[in-house]
Amino acid sequence: MCGIIGYVGYRDALPILLDGLRRLEYRGYDSAGVAVLEDGQIAVRKTAGKLGRLVEITSRDPVRGHVGIGHTRWATHGIPTDDNAHPHADCTGRFVVIHNGIIENFLALRERLQSEGHRFRSDTDTEALAHLIE
Ligand code: GLU
């Protein structure tokens, strides 16, 4: 289980994402993260721990943009760490994914993708999705 929010609009995305995650925090509370798109660049802030930690990080080092996604995690694959927090990027960083649930065949996918040269940065099942789409 997890909490997911997305925003596309004219307002600054970050406060909307953080407010949405606060409302969804009961759905996942071991890690939290956001990604915001601006001028073709994706900026990611993510951390293990409660949402308050992400709020602190983004207040010191904000992300600006009008398109974004956010996630509060309840880990199923990979312990709660900064690297295992969502969003997860493909090799290029051109896009990121967040995900709710379990990818049952992720190990087979991961092994295949690694043999094709994809570099994984987390222990999650979710990251396989990013590389698969890539
Ligand atoms: N299986 C994913 C993970 O462990 C998603 C967990 C969730 O739904 O929060 O990162």
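Preceding block: the structure.
Because the structure is a prediction, the values reported are computed rather than measured. (Residues numbered from 1 in each chain as written. Predicted model: local features only at pLDDT ≥ 70, side-chain atom pairs only at ≥ 80, totals over all residues. Heavy atoms only, no water.)

**Student:** Would you take a moment to explain the overall build of the protein for this structure?
**Tutor:** The helix and strand inventory of the protein stands at four helices and six strands. Tracing the protein from N to C terminus, the helices and strands come up as β-α-β-β-α-β-β-β-α-α. At 14 Å, the protein has a C-alpha radius of gyration in line with the 14 Å of a compact globule built from 134 residues. Residue burial in the protein is summarised as follows: out of 134 residues, 46% are buried. Total accessible area on the protein is roughly 7100 Å²; 53% of this is exposed by carbon and sulfur atoms. Of note, the protein has its 16 positive side-chain charges centred 4 Å away from the centre of its 18 negative side-chain charges. (Helix = DSSP H or I, 4+ residues; strand = E, 2+ residues; numbered from the N terminus. Rg over C-alpha atoms; globule rule 2.2 N^0.38 Å. Buried < 20%, exposed > 50% of the residue type's maximum accessible area, 1.4 Å probe, protein only. Areas by Shrake-Rupley, 256 points an atom, 1.4 Å probe, with all protein chains shown as cover. Lys, Arg positive; Asp, Glu negative; His and termini not counted. Charge placed at Lys NZ, Arg CZ, Asp CG, Glu CD.)

**Student:** Is there a simple way to explain the site of the ligand in this structure?
**Tutor:** Lining the immediate surroundings of the ligand are 15 residues, of which R73, T76, H86, G101 and D125 lie closest. With respect to the ligand, the side chain of N100 contributes an N or O atom lying 3.3 Å from an oxygen atom. Notes on the ligand: free accessible area 300 Å², of which the protein chains cover 100%. A breakdown of the residues in the shell around the ligand according to their chemical character gives four nonpolar, nine polar and two charged. (Near = heavy atom within 4 Å. Polar contact = N/O pair within 3.5 Å; in protein donor to acceptor, adjacent residues only side chain to side chain. Nonpolar A, V, L, I, M, F, W, Y, C, P; charged D, E, K, R; others polar.)

**Student:** Explain the pairing of strand β4 (residues 67-73) here, please?
**Tutor:** Looking along a regular strand, one sees the side chains alternate between the two faces of the sheet. Most of β4 is tucked away, with five of its seven residues classed as buried. Summarising the sheet, strand β1 (residues 3-8) and β4 pair through six bridges and their orientation is antiparallel. Its bridge partner lying in β4, V8 is registered against V67. Looking at chain direction, strand β2 (residues 31-38) and β4 are connected through seven bridges and run antiparallel. Bridging across to β4, S31 finds its partner in R73. (Pairing = 2+ DSSP bridges.)

**Student:** Whenever I open this one, helix α4 (residues 126-133) confuses me. Can you help?
**Tutor:** Since the α-helix packs 3.6 residues into each turn, any two residues three or four apart lie on the same face. For α4, the full list of buried residues reads T126, E127, A128, A130 and H131. Where α4 is buried, its residues meet β5 (88-89), β6 (96-97) and α3 (106-115). (Contact = heavy atoms within 4.5 Å.)

**Student:** Please explain the pairing of strand β3 (residues 41-48) as it appears in this structure.
**Tutor:** Here β2 pairs with β3 via eight bridges, running antiparallel. Along β3, the bridge assignment pairs G33 with K46.

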